[in-house]
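# Topology and contacts: notes
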Amino acid sequence: MKMQNSKLLYYLVWIIVGALLLHYGNSLISHYTEEAKKNYQLESTVWMMAIVPFFYGMYLALLEGLPKAFVVNWPLLFIVFLPSFLLLIYPILMMYFNLSNIVIYKFATLHDGIVFGLVSGIALVKSLTSKR
């Protein structure tokens, strides 16, 4: 029974911290969006639209519990994390380099990159850690 109570406490703390992270992450995005509307500087907004969902994904990977060991899962790292992370940062790369593939840009900015941020965050934590 003691194991069950600690798991319930972990889930309760997880949901509280998740709600706080969601609140402050969304307020951070809205703050930078408002600043971009005032001074027409979009760089910080694009960065926040990539960083915040990435942290959401990393936190979502902790739902099953805290990782116990550092074990690299290479297929997950290369097949899931790397493509999703590259699609997540593609709008950022377009700001600094001369990349002009509009089809990839449309695909990468679908839903503001939230899906790629979540997938890359979860895949990074899952590919670098193990529950054992």
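As the structure is a prediction and not an experimental result, all values here were calculated from the model.

## Considerations on helix α2 (residues 43–60)
Under the 1.5 Å per step criterion, the end-to-end length of α2 is 26 Å for 18 residues, consistent within 8% with the ideal 26 Å. Listing the buried residues of α2 in full gives Thr-45, Met-48, Ala-50, Val-52, Pro-53, Phe-54, Tyr-56, Gly-57 and Tyr-59.

## A closer look at the packing of aromatic side chains
Throughout the structure, instances matching the rule amount to seven aromatic pairs. Every member of this aromatic cluster is reached through a ring pair, and the members are Phe-54, Phe-55, Phe-81 and Phe-85.

## Focus on the environment of Ser-30
Counting through the fold element by element, Ser-30 comes out in helix α1 (residues 2–39). Residue classification places Ser-30 among the partly exposed residues on the basis of a relative accessible area of 37%. Sequence separation between Ser-30 and Leu-8 is 22 residues; the distance between their C-alpha atoms is 33 Å. A polar contact is formed between the side chain of Ser-30 and the backbone oxygen of Ser-27, at a distance of 2.9 Å.

## Quick word on the nonpolar core
Core analysis: the largest hydrophobic core is formed by 12 residues, namely Ala-50, Phe-54, Leu-77, Phe-81, Leu-87, Leu-88, Tyr-90, Ile-92, Ala-108, Phe-116, Ala-123 and Leu-124. Sort the elements by how many residues they give to this core and helix α3 (residues 74–96) lands first, with six residues. Contacts of Phe-116, omitting those with residues within four sequence positions, involve Ser-84, Leu-87, Leu-88, Phe-107 and Ala-108.

## Brief notes about the packing of α2 against α3
Relative to each other, α2 and α3 sit at 170°, their axes nearing to 9 Å. When the axis of α2 is compared with that of α3, the two are roughly antiparallel. In this structure, α2 contributes Glu-43, Val-46, Trp-47, Ala-50 and Phe-54 to the contact, and α3 contributes Phe-81, Phe-85, Leu-88, Pro-91, Ile-92, Met-95 and Tyr-96.

## Quick word on the packing of α3 against helix α5 (residues 114–128)
It is the contact of α3 with α5, at a shortest axis distance of 8 Å, that shows an interaxial angle of 150°. Classed by the angle they form, the pair α3 and α5 counts as roughly antiparallel. Like other packed secondary-structure pairs, α3 and α5 cross with a definite hand, here left-handed. Each of Leu-76, Leu-77, Val-80, Phe-81, Ser-84, Phe-85, Leu-87 and Leu-88 in α3 lies in contact with α5, whose residues at this interface are Phe-116, Gly-117, Val-119, Ser-120, Ala-123, Leu-124, Lys-126, Ser-127 and Leu-128.

## Re the pattern of salt bridges
Taken as a whole, this structure holds three salt bridges when the rule is applied. Between Glu-35 and Lys-38 there is a salt bridge; the shortest N-O distance is 4.0 Å. Separated by three residues within a single helix, Glu-35 and Lys-38 lie in helix α1, roughly one turn from each other. Exposure remark for Glu-35: the relative accessible area of 29% places this residue in the partly exposed category. The salt bridge partner of Lys-126 is Glu-64, with a shortest N-O separation of 2.7 Å. Note that Lys-126 is positioned in helix α5 and Glu-64 in the loop between α2 and β1 (69–70), a separation of 62 residues in sequence.

Analysis parameters
- Residues numbered from 1 in each chain as written.
- Predicted model: local features only at pLDDT ≥ 70, side-chain atom pairs only at ≥ 80, totals over all residues.
- Heavy atoms only, no water.
- Helix = DSSP H or I, 4+ residues; strand = E, 2+ residues; numbered from the N terminus.
- Expected span 1.5 Å × (residues − 1).
- Buried < 20%, exposed > 50% of the residue type's maximum accessible area, 1.4 Å probe, protein only.
- Phe/Tyr/Trp six-rings, centres within 6.5 Å; stacked < 30°, edge-to-face > 60°.
- Polar contact = N/O pair within 3.5 Å; in protein donor to acceptor, adjacent residues only side chain to side chain.
- Core = buried A, V, L, I, M, F, W, Y, C linked by side-chain atoms within 4.5 Å.
- Contact = heavy atoms within 4.5 Å.
- Axes fitted to C-alpha atoms, helices over the stretch in contact; angles between N-to-C directions.
- Parallel < 35°, antiparallel > 145°, perpendicular 65-115°, else oblique.
- Left-handed = near helix turned anticlockwise from the far one by under 90°.
- Salt bridge = Lys/Arg side-chain N within 4 Å of Asp/Glu carboxyl O.

That's the geometry; what it means functionally is another story.
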